[in-house]
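Structural overview for review
The residues making up each chain are set out below.
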Amino acid sequence: MSEALLDHATETIRVGSKSFAAAAKLFDRDTRRSVLMLYAWCRHCDDVVDGQALGHNTTAPADAAAQVERLRNQTLSAYAGEPQTDPAFAAFQDVALRHAISPHHAFDHLAGFAMDAADARYETIDDTLRYCYHVAGVVGLMMASIMGARDAAVLDRACDLGLAFQLTNIARDIVEDARVGRVYVPAAWLREAGIPIADVAHDRHRAALARVAARLVDHAEPYYDSAMDGVAALPLRSAWAIATARRVYREIGIEVKRRGARAWDTRAGTSRATKLRLLALGGVDALASRFRKPGARPTGLWHAARHRATHAVGA
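Our subject in this report is the structure included herewith. Note that this is a predicted model, so its numbers are computed, not measured. (Residues numbered from 1 in each chain as written. Predicted model: local features only at pLDDT ≥ 70, side-chain atom pairs only at ≥ 80, totals over all residues. Heavy atoms only, no water.)

For the chain, the helix and strand inventory stands at 14 helices and zero strands. Along the chain, from the amino end to the carboxyl end, the secondary structure elements read α-α-α-α-α-α-α-α-α-α-α-α-α-α. For the chain, the residues scored as buried account for 57% of the 315 residues in total. Summarising the internal contacts of the chain: among those between residues at least 6 apart in sequence, 71% fall at separations of at least 24. For the chain, the computed accessible surface area is about 13,800 Å², with 55% contributed by carbon and sulfur atoms. (Helix = DSSP H or I, 4+ residues; strand = E, 2+ residues; numbered from the N terminus. Buried < 20%, exposed > 50% of the residue type's maximum accessible area, 1.4 Å probe, protein only. Contact = heavy atoms within 4.5 Å. Areas by Shrake-Rupley, 256 points an atom, 1.4 Å probe, with all protein chains shown as cover.)

Structure (C-alpha cells):
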C-alpha cells in the first residue's frame, strides 16, 4: 500500500469525521491503516450519491441511482482483484482482500445509499433502524472484521454500536437533513409530535422536534450498552479505540438532548478537552472489559437477520 493512499485515507477521516478520527488514533499501526482505508471508501460512496465532498456542500447528482450502480460495479471489480484507479476503491480493495471482509457486508452498505437515492421513507423506528443498519451497522461489522472478530455474538455487538452511532447522527442532523429533503426520523413519531413531515426544519417546531430527538437519543442507549459486551473480545488497543468512540458519540447525543430546542443552532459536538476526558474513560472501559463477562444480547433489540426475510435490501 502506498503512502499516498494512506495520506488520502487520513485526510478523509480528518475532514469527514472529527469524532471518529480522534478515536482512530488509538488503534495499533496496522489496524489504524486498515480502518482509515475502509472509512475512506465509505465516505467516498456516501459523497458520490449525495454529491458532496467529505460530507459537505450537498448538490445531489442528477441520477443518484445510476451512481449507486456504478459504485456496485466498482466494488465488484475491487473484489475481483482488478486494478483500481480511484484512490477510495484502491484503499477498499486493499483492506477488503487483506481482512477477508465479506462482499455481503460491502453490498449491504451500498444498499443504504440506494435507499437515499430512492428517497426512501421511514414510517416506524424499525424502518429507521433498517436504514441505520445499512449505513452504519454493517460498517461496524466490517470494522470488527479488521480487528479480527469472527464470532457471531461479537459481530452482533459491533453492529449494535453502528446502530447507536447512526441514531445519534440522525438526532444531531435532523434539521440539516430535512433541509435537503432527507427525513430519517420515523414518520409515526413526527405525527405524534404534531410535526408535518414537510415542515421538520421549520423553527416553529423546534420544541416538539427536541422531544423527538431526545426519543432517538434514548432509543440509542440499549445499543450503546449492548456494544460494550463486544469490546472484551477485541485486542486491547482496538478495545480502547472503540470504547472511546462509543463514549464520544454517546456524548454528542447527550449534548443534543441537553440543548433541547436549541440543539440545531450550531452542530453538536465535543470539545478537545472533552475528547481527552472521554479518551481516558475509554481506556478505563477497555481495561474493565478484560474482567467483564458478557451477558446475553437483549432480545428486544433490532437484528438484521430477523428483518432481512421481510424487507428487501435496498427497497
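Before going further, it helps to examine the nonpolar core. Judged by nonpolar contacts, the single largest core of 95 residues is most densely connected at Leu-38, Trp-41 and Leu-216. Per-element tally for this core: the top contributor is helix α7 (residues 125-146), with 14 residues. Each residue touching Trp-41, except ones within four places of it in the same chain, is listed here: Thr-75, Ala-88, Phe-89, Phe-92, Ala-106, His-109, Leu-110 and Met-142. (Core = buried A, V, L, I, M, F, W, Y, C linked by side-chain atoms within 4.5 Å.)

This part covers α7. For α7, which comprises 22 residues, the first-to-last C-alpha distance of 30 Å matches the rise-based estimate of 32 Å (1.5 Å per residue) to within 8%. For α7, the buried fraction is high: 21 of the 22 residues fall into the buried class. Gly-148, located one to two residues past α7, shows a positive phi value of around 90°. (Expected span 1.5 Å × (residues − 1).)

Gaps left between atoms show up when a probe the size of a water molecule is rolled over them. Across all of its chains, the model carries three cavities of 30 Å³ or more by this definition. Along the walls of the second largest cavity sit Met-115, Asp-116, Asp-119, Ala-120, Arg-121, Tyr-122, Gly-181, Arg-182, Val-183 and Tyr-184, which together make up its complete lining. Residues belonging to the lining of the second largest cavity are distributed by class as follows: five nonpolar, one polar and four charged. (1 Å grid on protein atoms, 1.4 Å probe; cavity = no way out; pocket = protein on both sides within 12 Å on 5 of 7 lines; lining within 4 Å. Points joined across faces, edges and corners; volume = space filled by probe spheres on them. Nonpolar A, V, L, I, M, F, W, Y, C, P; charged D, E, K, R; others polar.)

The next subject is the packing of aromatic side chains. As enumerated under the stated definition, the model contains nine aromatic pairs in all. When the centroid spacing of 6.4 Å and the interplanar angle of 85° are considered together, the rings of Trp-41 and Phe-89 count as edge-to-face. Of this pair, Trp-41 sits in helix α3 (residues 29-50) while Phe-89 sits in helix α5 (residues 87-98), and the two are 48 residues apart along the sequence. Phe-89 carries the same exposure label as Trp-41, and that label is buried. Relative to Tyr-249, the ring of Phe-165 has its centre 4.1 Å away and its plane inclined at 25°; by these criteria the two rings are stacked. Taken together, the residues Phe-165 in helix α8 (residues 152-172) and Tyr-249 in helix α12 (residues 236-259) connect sequence positions 84 residues apart. For the pair Phe-165 and Tyr-249, one class covers both residues: buried. Between the NZ or CZ atom of Arg-215 and the centre of the ring of Trp-189, over which it lies, the distance is 4.0 Å. (Phe/Tyr/Trp six-rings, centres within 6.5 Å; stacked < 30°, edge-to-face > 60°. Lys NZ or Arg CZ within 6 Å of the ring centre and 35° of its normal.)

With that settled, consider the environment of Glu-192. With respect to the secondary-structure elements, Glu-192 resides in helix α10 (residues 187-193). Relative accessible area serves as the criterion here: at 58%, Glu-192 is assigned to the exposed category. Separated by 16 residues in sequence, Glu-192 and Ala-208 place their C-alpha atoms 9.7 Å apart.

The next subject is the environment of Ile-254. With respect to the element layout, Ile-254 can be found in helix α12. For Ile-254, a relative accessible area of 33% gives the class partly exposed.

To continue, consider α5. Helix length check: α5 (12 residues) gives 16 Å between terminal C-alpha atoms against 16 Å at 1.5 Å per residue, within 8%. In terms of residue burial, α5 counts as a mostly covered element, since nine of its 12 residues are buried. Every buried residue belonging to α5 is among Ala-88, Phe-89, Ala-90, Ala-91, Phe-92, Gln-93, Asp-94, Val-95 and Ala-96, and all of these are buried. Where α5 begins, the capping side chain belongs to Asp-86, and its oxygen is found 2.9 Å from the backbone nitrogen of Ala-88. One or two positions beyond α5, positive phi appears at Ala-100, with a value near 50°. (Polar contact = N/O pair within 3.5 Å; in protein donor to acceptor, adjacent residues only side chain to side chain.)

Coordinates in, geometry out; function isn't part of it.
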